[in-house]
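# Summary of structural features
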Amino acid sequence: MADLATERSNQTGAAPILVASNRGPVSFTAEDDGSLTLRRGGGGLVSGLSAIDDPSAVWVCAALSEADRTAARQAPDGRLDLAGHEVGGQAVRMLDIDPGTFARAYNGVANSTLWFVHHLLYETPVAPVFDDRFRREWDSYQAYNTAFAEALAAEAAPGAAVLVQDYHLSLAPALLRELRPDLRIGHFSHTPWAPPEYYRMLPDDVAADVLAGILGADRAGFLTRRWALAFADCCEAVLGAVVDRGALTVTHAGRTTALGVHGLGADADFLRERAHRPDVDARLATLREAVGERRTIVRVDRTELSKNIVRGLLAYRHLLRTRPEWQDRVVHVAFAYPSRHDLPEYREYTAAVQRIAQEINDEFGTASWQPLILHVNDDFPRSLAAYRLADVALVNPIRDGMNLVAKEVPVVSDAGCALVLSREAGAHAELAEDSVVVNPYDVIATAEALHRALTMPEAERADRTKRLAAAATALPPQQWFLDQLHALRGE
């Protein structure tokens, strides 16, 4: 391995800054004539990277579809920018990873194992089961991370800063350090981190490898101090690492990794401008017509198991049953957009959401009142319209790294919005004081929180909304990214 590391360190690229993530800033679709159409993505990471004013920066990502793989194969070393694609100011290297390897790494390990562990989602009497199939998936996860490490090593200039993103790439920092010890490497976890007693459900070697992989970085970043400390606790319990909780450092195998806390915020300027475009105005008019003069409880989520949509619906049903004064006076607008439908648990969960929504409408609906409006198809302008309309926003995840919806609604709300917020959302660390906080498992308490939010005096609601919006936008995506970059470089 030493010879390989020496060889790699002499084969440097030109990029002074690199980002690595499973999903890149662009994706492709194949047209009927065989041509490829490029689409630029959004989200906090794309917004954050736009803060880099350096055309030599490189974003390394995986091809997620057959069209992506075609584009990657047609480009020199997967460099989409060198193939003439307009990728947005920075270079993009898209990795054509074998589809089977990718599926096993992405679905088998990242989304069905690491995601489940960090969000405490397992039904433990029957899952997880770490058998021969899992070991094949783990081999693929290692191969997937190795492909990223090798691509980053090839693209990075001497001493470059590399920012590796999320649980898909937890092994990449240590693998990259072997290849290029000259680099400054950061890793950022966008999820929660499991406490040691839950994390240790993983096979012992896997649990150790994931931690050691991230500790290959000079800095490991988290959305809240709670998640950073949970990671440190796991390093201490599993690896026997030395932890300084005051300084937020972890020392293991002769190296010290600094832990950073960077609470990603909402992009206020973008949201406010986008929320007042004609397509949003049109959807808002449609929603207002459906709601009438009634109050609104709004939620916008992916149908992700951790988002706790089912209990939210049960709480709304309990509210209508136990406080009949709200019947015909409130409408629950619930947008639950498809997520990970290649996994059976997610298909079943979406079906449960739809079934309970129908039961609520059947029980309480009248000729003139539909108590619950549910949409399961993604429509960003319609989500923004719902944000503007919301009297109450319900954000009740079982566990969430941050939850940007909780931060976005107060920014966009037209008349002020009461936020009902789970104490298990990362956003709770910043927004708790001006929210109505709930235990996400307690349906009755959540129903009471909805009642309290609906009856909150208008002036109080407006004041809280202003404070929530200020807290929510304290670290917008570009500053969030630059803060990590500067800290990694010691600036």
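Treat the numbers as computed from the prediction; the structure is a model and nothing was measured. Per-chain numbering applies: the sequence of each chain, read as written, is numbered from 1 onward. Where local features are concerned, this predicted model is filtered to residues with pLDDT of at least 70; where side-chain atom pairs are given and counted, the filter is 80 or more; whole-chain, interface and lining totals use all residues. The side-chain quantities take in all heavy atoms of the structure and omit both hydrogens and water.

## Some thoughts on the sheet that holds strand β1 (residues 15-20)
Definition in use: We call two strands paired when DSSP finds no fewer than two bridges between them. For the purposes of this entry, the term helix denotes a DSSP run of H or I that reaches at least four residues, the term strand denotes a run of E that reaches at least two, and both are numbered from the N terminus. Each axis is a line fitted through C-alpha atoms, taken for helices only over the stretch in contact, and angles between the N-to-C directions span 0 to 180 degrees.
One open sheet holds the nine strands; their spatial order is β5-β4-β1-β6-β7-β8-β11-β10-β9, and the pairing between them is mixed. The sheet is open, and its two edges are formed by β5 (91-95) and β9 (242-244), each paired on a single side. Sheet twist, expressed as the average angle between the axes of neighbouring strands with direction ignored, equals 20°. As paired elements, β1 and strand β4 (residues 58-62) share three bridges and run parallel to each other. Note on β4: the bridge partner recorded for V19 is W59.

## Side note on the packing of helix α12 (residues 309-322) against helix α17 (residues 443-454)
Helix packing for two helices is described by the angle between their axes and how far apart those axes are. To keep it simple, the criterion reads: If an angle is under 35 degrees, it is roughly parallel; if it is over 145, roughly antiparallel; if it lies from 65 to 115, roughly perpendicular; otherwise it is oblique. Should the near helix be turned anticlockwise from the far one by less than a right angle, the crossing is left-handed, and should it be turned clockwise, the crossing is right-handed. Between two residues, a contact is recorded if the distance between any of their heavy atoms is within 4.5 Å. Ten residues, namely Ala, Val, Leu, Ile, Met, Phe, Trp, Tyr, Cys and Pro, are considered nonpolar, four, namely Asp, Glu, Lys and Arg, are considered charged, and the remaining ones, Gly among them, are considered polar.
Orientation of α12 relative to α17, taken along the N-to-C sense of each, is 65°, at an axis distance of 8 Å. In this view, α12 runs roughly perpendicular relative to α17, as classed from their interaxial angle. Relative to α17, the crossing made by α12 is right-handed. Taking contact as the criterion, the partners of R311, L314, A315, Y316, H318 and L319 in α12 are, on α17, V443, I444, T446, A447, L450, H451 and L454. Residues that form the contact of α12 with α17 fall into these classes: nine nonpolar, three polar and one charged.

## Here's the deal with unusual backbone geometry
What counts, and what does not: In this scheme, a residue with accessible area under 20% of its type's maximum is buried, one over 50% is exposed, and one in between is partly exposed, where area comes from a 1.4 Å probe on protein chains only.
Across the junction of A127 and P128, the peptide omega takes the value 5°, indicating a cis bond. Within the fold, P128 resides in the loop between α4 (99-118) and α5 (132-155). The phi torsion at A253 lies on the positive side, around 55°, for a residue other than glycine. We classify A253 as exposed; its relative accessible area is 70%.

## Comments concerning the pairing of strand β15 (residues 392-395)
To keep it simple, the criterion reads: A crossover gets the label right-handed when its path from the first strand over the helix to the second runs clockwise, viewed with the strands pointing away from the viewer.
Here β15 shows two buried faces, one formed by V392 and L394 and the other by A393 and V395. Where strand β12 (residues 295-302) lies against β15, two bridges are found, and the strand directions are parallel. Residue pairing across strands places I297 opposite V392, the latter belonging to β15. For the crossover that starts at β15, traverses helix α15 (residues 404-412) and ends in the parallel strand β16 (residues 418-422), the hand is right-handed.

## As for the packing of aromatic side chains
When we look at a pair of aromatic rings, we describe it by the centre distance and by the angle of the planes. We apply this condition: We call Phe, Tyr and Trp rings a pair once their centres come within 6.5 Å, taking the six-membered ring for Trp, and we label the pair stacked below 30 degrees between planes, edge-to-face above 60, and tilted otherwise.
Tallying each qualifying case throughout the model produces 15 aromatic pairs. Between F188 and W480, the ring centres sit 5.1 Å apart and the planes meet at 85°, which makes this aromatic pair edge-to-face. Remark: W480 occurs in helix α19 (residues 477-489) and F188 occurs in strand β7 (residues 184-189); sequence separation between them is 292 residues. Comparing F188 with W480 shows no difference in burial state: the two are buried. With 5.2 Å between their ring centres and 40° between their planes, F222 and F231 make a pair best called tilted.

## Describing the nonpolar core
Inclusion rule: Buried Ala, Val, Leu, Ile, Met, Phe, Trp, Tyr and Cys residues that are joined via side-chain atoms within 4.5 Å together make up what is termed a nonpolar core.
Core analysis: the biggest nonpolar cluster contains 171 residues, and W193 and Y199 have the highest contact counts within it. At nine residues, the largest contribution of residues to this core is made by α5. Residues within four places of Y199 in sequence aside, it is in contact with V117, H118, W193, A194, V206, A207, V210, L211, C234 and V238.

## Brief notes about the environment of A147
Inspection of the secondary structure puts A147 in helix α5. Residue A147 is classed as partly exposed on the basis of its relative accessible area of 24%. Distance from A147 to A172, taken between C-alpha atoms, is 8.8 Å for residues 25 residues apart in sequence. Each residue touching A147, except ones within four places of it in the same chain, is listed here: L95 and I97.

That's the geometry; what it means functionally is another story.
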